[in-house]
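Descriptive analysis of the structure
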Amino acid sequence: DERTQELRDAQQQLLRAERLAAIGQLGASIGHELRNPLGIIKNSTYYLNMKLGQASEKVKKHLGIIEKEITRSNKIITDLMDFARVRRPALRKTDVNLLVREAVSRSKVPGNVEVITHLKKGLSPLMADPGQIEQVFINMISNAAQAMTSSNSAETRDGGRLEISTRAEDGFIVTEFKDDGCGISEENLGKLFEPLFTTKTRGIGLGLAISTAIVEAHEGRIEVESELGKGTTFTVKLTASANRA
Ligand SMILES: Nc1ncnc2c1ncn2[C@@H]1O[C@H](COP(=O)(O)OP(=O)(O)OP(=O)(O)O)[C@@H](O)[C@H]1O
Ligand SMILES: [Mg+2]
C-alpha cells in the first residue's frame, strides 16, 4: 500500500545517500593524492614543449595527447571532490535565464550540435546557488551533446539539435533540455541517477548523480522522458524565490 511504498522510497533514498557519501569520501582522498603527481607531469610537459622547438610532428602530437589526458584526469578529480563536498547551497535571488546563457557559453558543444534557447521573459527569480545550478545545466548540455554525437553509443550520430527552454509551472521555475539524440532504453531509465552508472566508454557516471544531489539540496527535482532512437528531455524544476519562506 501507500505507506509501505513511502517507507520503501525513504529507505532507498537513505541507501543512495550512504552510497554517495562513501563514493565521495573515497573519491576525495584518491583525488587529493593524484593531484600532486598530475601537477608534476603537467609541469614536465610544459618544459618539454618549450625545449622541443623543432621536434618531429609525431613527438608534438604525443605531448598534446598527454596534456589533453592530464586535463581530463583533473576534471575527473574535480568532479569527485565536488561530489564529496556536499556543499550546502548558498541561496540568493538568481535569474534562471542568465544561468542558462552562462551554461551554454561555457559548454564546449561540438559544431554539429545546434543549441536553441527559448527563454521566457519576466520569470520570477530563483532562490538558488547560481554556481551549483549552472553546473547542473552544464551537465545537462554536455550529456545532450554527447547523446547527439558519436561518444554515447555504438552507433555514430552526426549532430543534432538541443532546445533549452524556461517557463513557470505549478510554482516551479522549469528549465527543459530537449535533445534529438540517441535516447535512453527503458532499462537504463531506472539507473541514470545512480552514481557511477554510465554507458560511455569515457564517462564516469557522476554528472547526473551530482546534479540530483544539487537539485535535491535546493528542494527541487529532475525529471526525464526519453524514447530510444528519438531523443531525451530532462526537466529541472526549482522553486521560485516568491514561493520560499
Ligand atoms: N541526454 C541524454 N541522452 C541519452 N542518454 C543520456 C542523456 N543524459 C544521460 N544519459 C545517460 O545517462 C548516463 C549517466 O549520465 P551521467 O551524466 O550521470 O554520466 P556520464 O555522462 O556517463 O559520465 P560523466 O557525466 O560523469 O562524464 C549516461 O552514460 C547516458 O547513458
Ligand atoms: Mg554526463
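Residues numbered from 1 in each chain as written. Chains lettered and ligands numbered in written order. Predicted model: local features only at pLDDT ≥ 70, side-chain atom pairs only at ≥ 80, totals over all residues. Heavy atoms only, no water.

A few points about the sheet that holds strand E7 (residues 231-239)
Spatially, 5 strands are ordered E2-E4-E5-E7-E6 in an open sheet, and the strand pairing comes out mixed. Both outer strands of the open sheet, strand E2 (113-118) and strand E6 (221-227), are each paired with one neighbouring strand and no more. Within this sheet the neighbouring strands show an average axis-to-axis angle of 15 degrees, counted without direction. Both strand E5 (residues 172-179) and E7 contribute to a ladder of 8 bridges, which runs antiparallel. Pairing of Val-174 across the sheet is with Lys-237, part of E7. (Pairing = 2+ DSSP bridges. Helix = DSSP H or I, 4+ residues; strand = E, 2+ residues; numbered from the N terminus. Axes fitted to C-alpha atoms, helices over the stretch in contact; angles between N-to-C directions.)

Focus on the site of ligand 1
For ligand 1, the set of nearby residues contains 22 residues, the closest of which are Thr-198, Thr-199, Lys-200, Leu-206 and Leu-208. With respect to ligand 1, the side chain of Asp-179 contributes an N or O atom lying 2.9 Å from a nitrogen atom. Thr-198 places a polar side-chain atom, nitrogen or oxygen, 2.5 Å from an oxygen atom of ligand 1. Coverage of ligand 1 by the protein amounts to 94% of the 600 Å² it exposes when considered alone. The set of elements that each furnish at least two residues to the shell around ligand 1 consists of helix H4 (130-148), helix H6 (207-217) and E7. With 4 residues, the single largest contributor to the shell around ligand 1 is H4. In the shell around ligand 1, the residues fall into 10 nonpolar, 10 polar and 2 charged. (Near = heavy atom within 4 Å. Polar contact = N/O pair within 3.5 Å; in protein donor to acceptor, adjacent residues only side chain to side chain. Areas by Shrake-Rupley, 256 points an atom, 1.4 Å probe, with all protein chains shown as cover. Nonpolar A, V, L, I, M, F, W, Y, C, P; charged D, E, K, R; others polar.)

Here's the deal with the domain arrangement of the chain
Taken domain by domain, the chain comprises domain 1 (2-84) and domain 2 (92-243). Distance between the C-alpha centres of domain 1 and domain 2: 21 Å. Here domain 1 and domain 2 share an interface that buries about 1,100 Å² over both sides, 60% of which is from carbon and sulfur atoms. Of all residues in domain 1, Arg-16, Arg-72 and Phe-83 bury the most surface against domain 2, accounting for 39% of the area lost on that side. (Domains from an automatic or database assignment. Buried area = accessible area lost by both parts, 1.4 Å probe.)

Observations regarding the packing of helix H3 (residues 96-106) against H4
H4 packs onto H3 with a crossing angle of 50 degrees between their chain directions and a minimal axis gap of 9 Å. As summarised for this structure, H3 and H4 are arranged oblique, according to the angle between their axes. The interaxial crossing formed by H3 with H4 has right-handed handedness. For the pair H3 and H4, the contacting residues are Val-96, Leu-99, Val-100, Glu-102, Ala-103, Val-104 and Arg-106 in the first and Pro-130, Ile-133, Glu-134, Phe-137, Ile-138 and Ile-141 in the second. Grouping the amino acids of the contact of H3 with H4 by side-chain chemistry returns 10 nonpolar, no polar and 3 charged. (Parallel < 35°, antiparallel > 145°, perpendicular 65-115°, else oblique. Left-handed = near helix turned anticlockwise from the far one by under 90°. Contact = heavy atoms within 4.5 Å.)

Observations regarding unusual backbone geometry
The phi dihedral of Asp-170 falls on the positive side, at around 50 degrees, and the residue is not glycine. Mapping Asp-170 onto the fold places it in the loop between strand E4 (160-169) and E5. Positive phi is not limited to glycine here, since Glu-219 has a value of about 60 degrees. With respect to the secondary-structure elements, Glu-219 resides in the loop between H6 and E6.

Here's the deal with the pairing of E6
As defined by bridge partners, E6 adjoins E7 across 7 bridges and the pair is classed as antiparallel. By the bridge assignment, Ser-226 is partnered in E7 with Thr-232. Connecting E6 to the antiparallel partner E7 that follows it, the hairpin turn spans 3 residues, and Gly-229 within it adopts a positive phi of roughly 85 degrees.

Considering helix H1 (residues 2-51)
Helix length check: H1, at 50 residues, gives a terminal C-alpha distance of 69 Å against a target of 74 Å (1.5 Å per residue), a fit within 8%. For H1, the principal kink sits at Arg-35 and spans about 30 degrees; a proline, Pro-37, occurs within the next four residues. Regarding H1, the residues found buried are Leu-20, Ile-23, Gly-24, Gly-27, Ala-28, Gly-31, Leu-38 and Thr-45. (Expected span 1.5 Å × (residues − 1). Bend = angle between axes of the 7 residues up to and from the residue. Buried < 20%, exposed > 50% of the residue type's maximum accessible area, 1.4 Å probe, protein only.)

Looking at a nonpolar patch on the surface
Together, Tyr-46, Tyr-47, Leu-48 and Met-50 make up a nonpolar patch on the protein surface, roughly 470 Å² of accessible area in all. Judged by relative accessible area, Tyr-46 falls into the exposed class, the value being 57%. (Patch = residues over 30% accessible without salt bridge, like charges linked within 9 Å, V, L, I, M, F, W, Y side chains within 5 Å. Salt bridge = Lys/Arg side-chain N within 4 Å of Asp/Glu carboxyl O.)

Topic: the nonpolar core
Counting residues in hydrophobic clusters, the biggest one holds 37 residues, and the most contacted among them are Phe-137, Met-140, Phe-177, Phe-234 and Val-236. Viewed by domain, this core spans two of them, domain 1 (2-84) and domain 2 (92-243), each represented by three or more residues. Leave out the neighbours within four places in its chain, and Val-236 touches Val-136, Phe-137, Met-140, Ile-173, Val-174, Thr-175, Phe-177, Val-215 and Arg-221. (Core = buried A, V, L, I, M, F, W, Y, C linked by side-chain atoms within 4.5 Å.)

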